[in-house]
Structure formats: structure tokens, C-alpha cells
Amino acid sequence: MVISALKLNVAIKDDEFDEIYPRSVRQKSKIHWTPVDVAKMAAHLLVDRPGVKVLDTGSGAGKFCLVGAALTKGVFTGVEQRKYLANLSNGLFRKYGLSNASAIHANITSVDFKLYDAFYFYNPFMENIRRSGRIDDTVSLTIDNYKAYIRYVREQLKELPYGTRVVTYCSNGLKIPLGYCKIASHENGLLDLWVKRSSSDSF
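Our subject in this report is the structure included herewith. Everything quoted here is computed from the prediction, not taken from an experiment.

### Side note on the overall build of the chain
Helix and strand counts for the chain come out as eight helices and seven strands. For the chain, the C-alpha radius of gyration of 16 Å lies close to 17 Å, the compact-globule estimate for 203 residues. Each principal axis of the C-alpha atoms in the chain carries an extent, and together these give about 50 × 40 × 30 Å. Summing over all exposed atoms, the chain offers an accessible surface of approximately 10,200 Å²; the carbon and sulfur share of this is 50%. For the chain, the separation between the mean place of its 28 positive charges and that of its 20 negative charges on side chains is 1 Å.

### Things to note about the pattern of salt bridges
On inspection of all chains with the given rule, the structure shows nine salt bridges. Here Glu19 ties to Arg26 by a salt bridge, and the two come within 3.9 Å at their closest N and O atoms. Classification of Arg26 by relative accessible area gives partly exposed; the value is 25%. The shortest N-O distance in the salt bridge between Glu127 and Arg82 comes to 3.0 Å. Taken together, the positions of Glu127 in the loop between strand 4 (118-122) and helix 8 (143-158) and Arg82 in the loop between strand 2 (75-80) and helix 7 (83-95) put the pair 45 residues apart, joining distant regions of the chain. Residue classification places Arg82 among the buried positions, given a relative accessible area of 3%. Among the charged side chains, a salt-bridge network with shared partners connects Asp14, Asp18 and Lys63.

### Section: the pairing of strand 6 (residues 180-186)
Examined bridge by bridge, strand 6 and strand 7 (residues 191-196) share six bridges and lie antiparallel to one another. When the bridges of strand 7 are listed, Tyr180 appears paired with Lys196. Linking two consecutive strands that pair antiparallel, namely strand 6 and strand 7, is a turn of four residues; a positive phi of about 55 degrees is found at Glu187 within it.

The rules behind these values
Residues numbered from 1 in each chain as written. Predicted model: local features only at pLDDT ≥ 70, side-chain atom pairs only at ≥ 80, totals over all residues. Heavy atoms only, no water. Helix = DSSP H or I, 4+ residues; strand = E, 2+ residues; numbered from the N terminus. Rg over C-alpha atoms; globule rule 2.2 N^0.38 Å. Areas by Shrake-Rupley, 256 points an atom, 1.4 Å probe, with all protein chains shown as cover. Lys, Arg positive; Asp, Glu negative; His and termini not counted. Charge placed at Lys NZ, Arg CZ, Asp CG, Glu CD. Salt bridge = Lys/Arg side-chain N within 4 Å of Asp/Glu carboxyl O. Buried < 20%, exposed > 50% of the residue type's maximum accessible area, 1.4 Å probe, protein only. Pairing = 2+ DSSP bridges.

Given below as C-alpha cells:
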């Protein structure tokens, strides 16, 4: 069982992990779901203490939340606008006994970021500006949506308290607001940890 192997720190390849998904979902993994090794690192960067509430924006099939919930004492919530993927994620969380993970079916613009302590962004909202490699056509995907979502995220991040942690992966399109300091970078600069600091903090 992949979740048991994760908890025992056994190395797992993405092809092995992705066997938990239906074939149609598994086929989307290389483009849309976070690689296991990246998810491990991102989860540990975000959860700096027990009980940290982590939001995965655009959580898809819940792969990042599955890994994070299995390996840390954080509480992981995925927001996903495709209902069947949110339902699939919740089914897997229940199957593997991960009570510290859940998925909500919602658009990002309906989510109050103040309910969370830390945030994960993997190439956020890029489906809206791609013409190929989309998950499906069941939701509205437009350039205007992309701009609106990025703007909403930035405005929400600006209002969060000092100490808020953000991890971005392959997310050059998301410009992190002023006040956040990049304090770690991994995966050849593709995976970054940002922390909101007060002007009196030393770096």
C-alpha cells in the first residue's frame, strides 16, 4: 500500500503511487499532479509545527494532500473546481484513513485564505491559458479567468499575517506580493518557500 510505504519513508515512484487512481485520472499525472518527491519536500516546508492548516489551490486528484497528510501533522485541504476530482480525493482520504485531509468543491475566488496558515501552488490556473494538455473541458477555461484568479490570490496573500508560509512549484506566473521573503529554493529553482515577514525581521 503506497500510503503505508510513504509513512515508512520507503521510496515510491510516481508510476507506483498513481496506481491508486482510475486510469483516466492516472493519465493526467505527469502534467497536472505533483510528483511524489516534490510533494514530500513541499509538505515538510509548509508544516513547521503540528496542526498547520495547508490549502492546496487547484488540488486536482488530491495527490499533494495525500502525501502531505501521510507524512506530516499538518491539516491539508484541497480546493478543486471539478466535483468528480474533489469526490475522488475525499474517497481516497477516507480509504487510507487520512483524517487530516479533505477536499472541497469550489472555485478559488470563494475561498477565504484567512482560514489557513500555509499555501501550496503548483503552476496555478495555467489550464486557462493553455490550448493543449487540459484535464478536460468540464469547466470554463479562459484568459480572463486566469487573470481574475491570479489577482484574487495576490490580494488574499497580501492580507495574511506575518509567518504565513507559501510554497510555489513551477509557478513563475504567480508573482508573490511584497512582504514575502524567499527563504529556500529546491528542484533547480522550481520549488520555492516564501514566508511573510515583518520589516523588523532579520533574514
